[in-house]
Amino acid sequence: MQSICLHIFVDLIETECGDEIQKLIKKFIHTKGAERVKKDKWYNNQLFPWLLPIVVVLLWQVLGDRGLIKSTMLPTPLEVVEAGKNLFQTGELQKHVYISTERAIIGFFIGGTIGFLLGLFNGTVLFLEKLIDTSIQMIRTIPHLALIPLVILWFGIGESAKIFLVAVGVMFPIYINTFNGIKNVDYKLIEMGKVYGMSKWQLFTNIILPGAMPNILVGIRYALGVTWISLIVAETIGADAGIGYLATTAREFMQMDIVVLTIVLYAILGKLSDFIAKVCEQRLLKWNPAYRKN
Amino acid sequence: MFGIELKNVGKRFGANEVLRDIDLSIPKGSFTAIVGKSGCGKSTLLRVIAGLEEVTSGSLAYTGAEAKKSNIRIMFQDDRLLPWKNILKNIAIGGVNKVDAEIALEKVGLRDKKGDWPDELSGGQKQRVALARALASSPDVLLFDEPLGALDALTRMDMQHLMEGLWQEQHFTSILVTHDVSEAVYLADRVIVLDEGGVKLDQEIDLGRPRERDDKFTSYEKKILDQIVGG
Ligand SMILES: Nc1ncnc2c1ncn2[C@@H]1O[C@H](COP(=O)(O)OP(=O)(O)OP(=O)(O)O)[C@@H](O)[C@H]1O
Ligand SMILES: [Mg+2]
């Protein structure tokens with residue numbers, strides 16, 4: 001397992017990071033070399049973790065082919081792939097994925113920015129914290145998806161409704177984590193910065209922001225999950241385009257292969273955004289040994 | 001360089017009177033050590049001098065032509081390095097440029113570590129980096145709050161040599177808080193014993209440098225230790 005991680009990490013490092021880090025990582029791997037060899041058991045092979053999913057998919061295919069699973073209940077993997085191919089050729093697939101991704105990005109960006117700025121100001125200005133924080137903590141306990149009826153009444157089922165819902169969902173985790181991150185920055189480091197002649201702005205960029213960064217990134221990763229969940233719900237309830245729309249119309253026409261395809265699409269997009277967040281984490285937190293060694 | 005004048009300085013936290021009636025005149029370029037039991041107010045006194053705490057009574061003044069608070073640096077007991085900056089960038093903070101940072105790093109003998117992360121260094125190396133950071137801005141006054149407290153005996157001795165050498169070279173005004181009487185006598189021209197927030201003994205150390213741990217040295221040690229422990 002360790003060797004797989006290292007391999008992937010080395011690749012990542014080689015493409016992503018500068019010289020200094022590369023040297024550092026290589027040094028680390030070098031020192032751990034002996035340990036690595038010892039742990040090279042057969043199940044440490046890179047492909048081993050993929051064995052189970054592959055077997056499951058194959059089994060699913062075979063059972064479908066034999067008619068043991070009805071196509072109307074669950075289409076076979078090949079049928080799903082075929083459906084994807086057809087939609088791709090007509091350009092539908094790209095269109096819907098594009099629209100959903102666009103909504104996700106815009107909503108995430110708006111909600112993230114508001115949450116981040118609120119967290120920032122409430123975390124640094126005591127007056128604002130006293131004024132605003134309690135109210136936010138109260139509102140935050142409302143599940144944002146409970147707002148759907150209200151949102152539909154306000155915005156109809158247009159783009160703004162979906163973006164609003166995503167933004168509201170994203171705002172709170174980013175706010176809470178930014179706020180806590182800033183509040184928990186080691187006070188001793190801030191004091192050091194003051195003694196060593198840092199201006200307020202320097203204190204912020206050199207100490208407060210990097211100190212809060214691990215928390216902020218946790219917030220971002222959580223918020224990405226929220227983004228897709230909000231979008232799935234919002235698009236399923238009312239939309240004229242997007243993956244959720246694709247799913248709803250497919251359901252009406254009993255096109256099971258497309259229904260399953262949309263689920264797979266959401267999964268891929270979710271995984272992809274999580275991967276991007278992870279790469280950001282590794283780059284921004286490379287100073288942290290926990291992120292250097294994984 | 002500038003000196004420090006404390007007149008009747010008192011400091012209380014709520015009902016807790018931590019410093020009382022402190023009269024001290026610390027000439028520029030001198031090396032003063034402050035010793036005393038844990039909790040007697042050493043760190044508080046240092047923080048008052050650095051302007052991190054306001055005095056509740058009396059007055060604090062910096063004496064000298066271009067005396068200003070921004071030319072005071074503290075070296076803390078913990079290294080307080082920023083974990084997200086490499087060694088060189090840790091030194092080049094608050095307006096210090098990279099060239100000066102590198103020179104300072106050279107002085108503490110850690111030039112080849114400039115690209116490392118702080119957590120890759122040993123405790124002693126980190127404190128040397130902290131010292132380099134304190135020196136890099138060419139401070140007028142350098143306050144040490146038990147900077148060697150967490151180090152082993154051999155590393156401590158290395159660091160003491162280093163601090164003495166750098167002080168002799170640059171002659172910043174130094175105030176060292178320590179619980180190690182031997183360290184105080186080894187480094188300082190003057191040792192102040194603090195007891196329950198007041199000055200109990202103010203002892204000149206009249207020894208040549210580099211200091212030998214001879215009879216005279218030991219008698220100073222004994223005298224100071226007696227004051228700390230005894231009534
Ligand atoms: N910010 C603060 N608020 C309240 N009380 C404080 C504060 N800082 C220090 N004190 C109190 O002042 C007293 C002296 O503390 P100080 O840190 O100056 O002691 P010290 O001599 O440095 O001790 P040590 O050798 O253990 O470091 C203690 O009783 C402590 O509780
Ligand atoms: Mg102390």
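Please read all numbers here as calculations on a predicted model, not as lab measurements. (Residues numbered from 1 in each chain as written. Chains lettered and ligands numbered in written order. Predicted model: local features only at pLDDT ≥ 70, side-chain atom pairs only at ≥ 80, totals over all residues. Heavy atoms only, no water.)

Student: Even after reading the chapter, I still don't get the overall build of chain A, so can you show me in this structure?
Tutor: Per the secondary structure count, chain A includes 14 helices and zero strands. The order of α-helices and β-strands along chain A, N terminus first, is α-α-α-α-α-α-α-α-α-α-α-α-α-α. Sorting the 294 residues of chain A into buried and exposed places 41% on the buried side. Long-range pairs, those at least 24 residues apart, make up 69% of the contacts in chain A between residues at least 6 apart in sequence. (Helix = DSSP H or I, 4+ residues; strand = E, 2+ residues; numbered from the N terminus. Buried < 20%, exposed > 50% of the residue type's maximum accessible area, 1.4 Å probe, protein only. Contact = heavy atoms within 4.5 Å.)

Student: Looking at this structure, how should I read the site of ligand 1?
Tutor: Residue and element names in this part refer to chain B. Neighbouring residues of ligand 1: F13, N16, V18, K37, S38, G39, C40, G41, K42, S43, T44 and E146. Between ligand 1 and the protein, one listed contact pairs an oxygen atom with a backbone N or O atom of C40 at 3.3 Å. When the free accessible area of ligand 1 is taken as 630 Å², the share hidden by the protein chains comes to 58%. When grouped by side-chain class, the residues that make up the shell around ligand 1 number three nonpolar, six polar and three charged. (Near = heavy atom within 4 Å. Polar contact = N/O pair within 3.5 Å; in protein donor to acceptor, adjacent residues only side chain to side chain. Areas by Shrake-Rupley, 256 points an atom, 1.4 Å probe, with all protein chains shown as cover. Nonpolar A, V, L, I, M, F, W, Y, C, P; charged D, E, K, R; others polar.)

Student: Quick question: what am I supposed to make of the sheet that holds strand 4 (residues 57-63) of chain B here?
Tutor: Two pairing modes exist for strands in a sheet, parallel and antiparallel, and in both the strands are linked by backbone hydrogen bonds. Residue and element names in this part refer to chain B. Taken in spatial order, the three strands line up as 2-1-4 in an open sheet, and their pairing is antiparallel. With one partner strand each, in any of the chains shown, strand 2 (16-26) and strand 4 form the two edges of the open sheet. Across this sheet, the average inter-strand angle for adjacent strands is 15 degrees, counted without regard to direction. Bridge analysis of strand 1 (residues 3-13) against strand 2 gives seven bridges, and the strand direction is antiparallel. By the bridge assignment for strand 2, V9 is matched with I22. (Pairing = 2+ DSSP bridges. Axes fitted to C-alpha atoms, helices over the stretch in contact; angles between N-to-C directions.)

Student: Is there a simple way to think about the confidence of the model for chain B in this case?
Tutor: Predicted coordinates in regions of low pLDDT should not be interpreted in detail. Chain-level statistics for chain B give a pLDDT mean of 92 and a share of 100% at 70 or above. Per-residue pLDDT, averaged within each element of chain B, yields its smallest value for helix 5 (residues 153-170) of chain B (90) and its largest for helix 2 (residues 87-91) of chain B (96). (pLDDT = per-residue confidence, 0-100.)

Student: Mind showing me how you'd approach the UniProt feature "transmembrane region" (unreviewed entry) in chain A here?
Tutor: Residue and element names in this part refer to chain A. Taking the numbering used here, the UniProt-annotated feature "transmembrane region" (unreviewed entry) corresponds to residues 47-63, 104-127, 139-157, 163-182, 203-222, 228-246 and 258-277. Note that residues 139-157 is 53% helix and 0% strand, and that its end C-alpha atoms are spaced 24 Å apart. Measuring from the first to the last C-alpha atom of residues 203-222 gives 27 Å, for a span that is 100% helix and 0% strand. (UniProt positions renumbered as here; feature names shortened; annotations may be inferred.)

Student: Before we go on, may I ask you to explain the UniProt feature "domain: ABC transmembrane type-1" (unreviewed entry) in chain A in this structure?
Tutor: Here, the residues flagged by UniProt with the feature "domain: ABC transmembrane type-1" (unreviewed entry) are residues 93-277 of chain A. From the first C-alpha to the last, residues 93-277 of chain A spans 25 Å; its make-up is 86% helix and 0% strand.

Student: What is the right way to look at the packing of helix 11 (residues 200-237) of chain A against helix 13 (residues 256-284) of chain A in this model?
Tutor: When two helices pack together, their arrangement is captured by the angle between the axes and the distance separating the axes. Residue and element names in this part refer to chain A. Running from amino to carboxyl end, helix 11 crosses helix 13 at an angle of 170 degrees, the nearest separation of the two axes being 10 Å. By the angle between their directions, the pair helix 11 and helix 13 is classed as roughly antiparallel. Here the hand of the crossing between helix 11 and helix 13 comes out right-handed. Mapping the contact onto sequence places M213, L217, V218, R221, L224, W228, L231, I232 and E235 in helix 11 and Y266, L269, G270, S273, D274, A277, K278, E281 and L284 in helix 13. Split into classes, the residues belonging to the contact of helix 11 with helix 13 amount to 11 nonpolar, two polar and five charged. (Parallel < 35°, antiparallel > 145°, perpendicular 65-115°, else oblique. Left-handed = near helix turned anticlockwise from the far one by under 90°.)

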